[in-house]
Amino acid sequence: MSSLPMSFAEATASAEQTVARLETDEVRRRRDFRGLNIVTIDGETARDFDDAVLVTPLANGNWELQVHIADVSHYVRPGTALDLEARLRGTSVYFPDRAIPMLPSQLSSGMCSLRPDEDRLVLSCVMEIDGRGEVLGYEICEGIIRSVKRMTYTQIQGVIDGNVETRAEFAELVSEFERMYELALKLNEKRHRRGSIDFDLPEPVIQFDPDGNMEAIVRSQRGWSHRLIEEFMLSANECVATWIESQSVASVYRIHEAPDPKRIVDFEETASQFGYSLGFSSLPVKRIQTKGDRRDARGTSRQAKTHEVAESIPVTPQMYQKLTVKIAGKAEERILSYLMLRSLKQARYSEKNVGHFALASPSYTHFTSPIRRYPDLIVHRLLRELIRSGADTEGAAILSDSPQPWGEKRAGKGHAEKSEPLVLVGPIPEAELGAIAAESSQSERRADDAERELIEWKKIKFMQDRVGEDFNAIILSCTKYGFCGTGQSFHRRASSSDLTARRSLHVSRH
C-alpha cells in the first residue's frame, strides 16, 4: 500500500477553485432532463454519486432507459494538474474504513456528484428496450439533470420486497422503482440468453462499531437493488462502446479474453472429479518432445519422454454459464465456482477491442464511473469530442441473437479483415490510448492488491483472539505452503485428496 498516492499536490488543490459554478451558455447547449423523476441509487455510506437513472414506458410497449453519468470531463481537462493527478492514481481505492479518491473531494463530492435538487452536467445514454431486454436503438448526448432523490440500495430493496413502511415513505416513486425492477429482470434474462457468466460469489464485509473497532466480518448482501443498477450500467457501457467503435476512431475498451487452453484443461480435470464438465467430448492436445528429452534418451533403449500440450480450445461463455446453472444449489457449487473463476483471465483495458468473454459482449467499455476510474474519464472525452464534431449520436439496435466467435481476433465494426493491423485515428491518438489502457490496468491491479491485503490483515486481526477454535472452511487448492481456502490460507501439509474436502480446520498462529 506504500505505493498508493495519499494526498493531492498543491497544484491540483489550486485547480479545484476553477470548477465552482455552471456556465449559462453550457447549460443552454445541452439537452435538459430537469423535471423528470431521475434518481441516484447507491450504498448508505456513499459520498459521491456519478450515475442516475430513469425508466419510462413508451407508447409502443417498449421501455426507455435513461442512464445519466456525471460529466467529469467538463471539469478535468487534458494536461491540467487535475488530469495528471487522476492519471497517476488511475482509480479510487476503497478500504473498509476509508477511501483514497482519484479526484479531490471538491469535485468528487461537489460539482461532479449528482446530488439531489442541484443542477448537474451529465453525459447521457438514452436507450429503447423491448420486452425481451433487447436494445432496439439508443442515443448519446450531453445533458443537464436535477436528481429528485438520493436513494439507497436498502430503500430500493425494501420497495421491491414490499416493505409497507418503505413503500409509504417513497409512495410517489414506488411505481418508478417497480418499473426499474421489471426492466432489470428483462435485461438479466437477455444477458443469460446471450451466455453472460454470473458467479455471484459472496465477498467479506467488515463491520465497525461507533468507535471504529472491528465488530464482525459478514458476507456481502447483493439483492436486486444492486443488480438493477448493474444491469442498467452494463447496458449503457455496451451502447457507448458500440457507438464509439462505429465511429471508426481509436478508443479504450474493457476487454476480457478467452481463457488459456491449459487453464481449461486444469479445470476440466478437477470438475471431472465431481462428475461435471464444461461440455467438451474430448480436449484437443498435441504431443511434443523437447531437445532435452531426446538428448536424455539418446543411446538408450527407452523412448524419449512425450509431453501433452493443450491446443486451441473452442470454449464459449455459454459453456461456463450452463455449468453454473448445473451446480447451483449443490454442495460443490462454491468450490467449482471459485475454480471456474480462476480458470478465466483477468479483465483489462486495451485500445484493441477483442470483446468481453465473461459478459458475452462483442463491444464493452467503462463509461459509468468517471469520478473513480480514469478510463471512464477518457471515454467521456472521446464522446464529447465526437458529439461536438457533428457525429450522428444515434446508434442502431444491439441484438443478442448473433453468435460471437471467441478466442479469434475481431475486426473493428464496419471493417473487413486486413493482412496489416488497422491503425485508427481520432480525438486521442491510438498510441496514447494504449499507454493509458496499460497504466490503468496496472493501477487497477495495484488497488485490488491493496484492498485485498488490508482485508486479509483485518481478518487476521479479527481472528487473533480465536486461536485454538475450529471453523468450517472450503479447501480450494493445495500448495507447497499449505491449503488455500475461500479467502484464507491454511498453512498445513495435505495430500492431493484434500483438494475436494470440506472439513473443520483449526486456526493456528501462522
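Residues numbered from 1 in each chain as written. Predicted model: local features only at pLDDT ≥ 70, side-chain atom pairs only at ≥ 80, totals over all residues. Heavy atoms only, no water.

Looking at the overall build of the protein
Stage number 1. Secondary structure assignment for the protein yields 14 helices and 20 strands.
Stage number 2. Residues counted as buried form 48% of the 510 residues belonging to the protein.
Stage number 3. The long-range share in the protein, meaning contacts at least 24 apart out of those at least 6 apart in sequence, stands at 74%.
Stage number 4. Approximately 25,400 Å² of the protein is accessible, and the part contributed by carbon and sulfur atoms is 48%. (Helix = DSSP H or I, 4+ residues; strand = E, 2+ residues; numbered from the N terminus. Buried < 20%, exposed > 50% of the residue type's maximum accessible area, 1.4 Å probe, protein only. Contact = heavy atoms within 4.5 Å. Areas by Shrake-Rupley, 256 points an atom, 1.4 Å probe, with all protein chains shown as cover.)

Observations concerning the confidence of the model for the protein
Stage number 1. Model confidence for the protein is summarised by a mean pLDDT of 84, while 81% of its residues fall at 70 or above.
Stage number 2. Counted against residues more than four places away or in other chains, residues 408-419, with its pLDDT under 50, gives 19 contacts.
Stage number 3. A low-confidence stretch, residues 487-510 (pLDDT under 50), is modelled with 63 contacts involving residues beyond four sequence positions or located in other chains. (pLDDT = per-residue confidence, 0-100.)

Remarks on the packing of aromatic side chains
Stage number 1. Per the stated rule, a full pass over the model turns up two aromatic pairs.
Stage number 2. Seen in terms of ring centroids, tyrosine 320 and phenylalanine 357 are 5.9 Å apart; in terms of plane orientation they differ by 90°. Their pairing is edge-to-face. Of this pair, tyrosine 320 sits in helix α11 (residues 317-327) while phenylalanine 357 is found in the loop between β15 (348-350) and α13 (374-388), placing the two residues 37 residues apart along the sequence.
Stage number 3. Just above the ring of tyrosine 349 sits the side chain of arginine 254; from NZ or CZ to the centre is 4.6 Å. (Phe/Tyr/Trp six-rings, centres within 6.5 Å; stacked < 30°, edge-to-face > 60°. Lys NZ or Arg CZ within 6 Å of the ring centre and 35° of its normal.)

Side note on the side chain of threonine 368
Stage number 1. Within the secondary structure, threonine 368 sits in the loop between β15 and α13.
Stage number 2. A relative accessible area of 4% means that threonine 368 is categorised as buried.
Stage number 3. Non-local contacts of threonine 368, meaning those with residues more than four positions away in its chain, are made with Asp50, Asp51, Ile69, Met233, Ala236, Asn237, Arg373 and Asp376.

A closer look at the side chain of asparagine 237
Stage number 1. Inspection of the secondary structure assignment puts asparagine 237 in helix α8 (residues 224-246).
Stage number 2. For asparagine 237, a relative accessible area of 2% puts it in the buried group.
Stage number 3. From its side chain, asparagine 237 meets the backbone nitrogen of phenylalanine 367 in a polar contact 2.9 Å long.
Stage number 4. If near-sequence neighbours (up to four positions away) are discounted, asparagine 237 is found in contact with Tyr364, Thr365, His366, Phe367 and Thr368. (Polar contact = N/O pair within 3.5 Å; in protein donor to acceptor, adjacent residues only side chain to side chain.)

Points about the pattern of salt bridges
Stage number 1. Tallying each qualifying case throughout the model produces 35 salt bridges.
Stage number 2. Here lysine 352 and glutamate 430 are joined by a salt bridge, their closest N and O atoms 2.8 Å apart. In this pair, lysine 352 sits in the loop between β15 and α13 while glutamate 430 sits in helix α14 (residues 430-463), placing the two residues 78 residues apart along the sequence.
Stage number 3. The partly exposed category is assigned to lysine 352, whose relative accessible area is 36%.
Stage number 4. One salt-bridge network, in which partners are shared between bridges, spans Glu26, Arg29, Arg30, Asp71, Glu142, Arg384 and Arg388. (Salt bridge = Lys/Arg side-chain N within 4 Å of Asp/Glu carboxyl O.)

Considering the pairing of strand β4 (residues 63-70)
Stage number 1. Where burial is concerned, most of β4 is hidden: seven out of the eight residues are buried.
Stage number 2. Two strands pair when backbone bridges link them, and strand β3 (residues 51-57) and β4 are joined in this way by seven bridges, in the antiparallel orientation. Opposite valine 55, over in β4, you have leucine 65 as the bridge partner.
Stage number 3. The turn linking β3 back onto β4 is made up of five residues, and glycine 61 within it adopts a positive phi angle of 95°.
Stage number 4. For β4 and strand β7 (residues 119-129), the ladder comprises eight bridges, and the chain directions are antiparallel. Along β7, the bridge assignment pairs alanine 70 with valine 122. (Pairing = 2+ DSSP bridges.)

So, the environment of proline 427
Stage number 1. Within the secondary structure, proline 427 sits in the loop between β16 (394-395) and α14.
Stage number 2. Judged by its relative accessible area of 36%, proline 427 falls in the partly exposed class.
Stage number 3. As a C-alpha pair, proline 427 and arginine 381 span 46 residues in sequence and 8.4 Å in three-dimensional space.

Points about the nonpolar core
Stage number 1. Core analysis: the biggest nonpolar cluster contains 83 residues, and Ile41, Phe232 and Ile244 have the highest contact counts within it.
Stage number 2. Those residues in contact with isoleucine 244, other than ones at most four positions away along the chain, are Val249, Ser251, Tyr253, Val379, Leu382, Leu383 and Leu386.
Stage number 3. Membership of the second largest hydrophobic core comes to 26 residues, among which are Ala271, Leu336, Leu339 and Ala358. (Core = buried A, V, L, I, M, F, W, Y, C linked by side-chain atoms within 4.5 Å.)

Overview of the packing of α11 against helix α12 (residues 333-343)
Two quantities define a packed helix pair, namely the angle between the helix axes and the distance between the axes.
Stage number 1. With their axes 10 Å apart at the nearest point, α11 and α12 run at an angle of 165° to one another. In terms of axis orientation, α11 runs roughly antiparallel to α12. When the axes of α11 and α12 are compared, the crossing they make is left-handed. Between α11, through Tyr320, Leu323, Thr324 and Ile327, and α12, the contact on the second element is made entirely by Glu333, Leu336, Ser337, Met340 and Ser343.
Stage number 2. Of the residues belonging to the contact of α11 with α12, the class tally is five nonpolar, three polar and one charged. (Axes fitted to C-alpha atoms, helices over the stretch in contact; angles between N-to-C directions. Parallel < 35°, antiparallel > 145°, perpendicular 65-115°, else oblique. Left-handed = near helix turned anticlockwise from the far one by under 90°. Nonpolar A, V, L, I, M, F, W, Y, C, P; charged D, E, K, R; others polar.)

Focus: the state of the cysteines
Stage number 1. Enumeration according to the criterion identifies zero disulfides in this entry.
Stage number 2. Free of any disulfide, cysteine 239 has its nearest cysteine sulfur in cysteine 125, 4.3 Å distant. (Disulfide = S-S within 2.5 Å.)

Here we look at the environment of arginine 98
Stage number 1. Within the element layout of this structure, arginine 98 appears in the loop between β5 (93-94) and β6 (99-100).
Stage number 2. Ignoring any residue separated from it by four or fewer positions in sequence, one finds arginine 98 in contact with Val93 and Leu454.

Observations concerning helix α7 (residues 174-194)
Stage number 1. Over its 21 residues, α7 runs 31 Å from end to end, which matches the ideal 30 Å to within 8%, given 1.5 Å per residue.
Stage number 2. Every buried residue of α7 is listed here: Val174, Glu176, Phe177, Met180, Leu183, Ala184, Leu187, Asn188, Lys190, Arg191 and Arg194. (Expected span 1.5 Å × (residues − 1).)

Points about the packing of α8 against α13
Stage number 1. In contact at an axis separation of 11 Å, α8 and α13 are set at 50° when each is read in the N-to-C sense. Judged on the interaxial angle alone, α13 and α8 are oblique. Note on packing geometry: the crossing formed by α8 with α13 is left-handed. Residues Val240, Trp243 and Ile244 of α8 touch α13, and the partners they reach there are Val379, Leu382, Leu383, Leu386 and Ile387.
Stage number 2. Its residues assigned to classes, the contact of α8 with α13 shows eight nonpolar, no polar and no charged.

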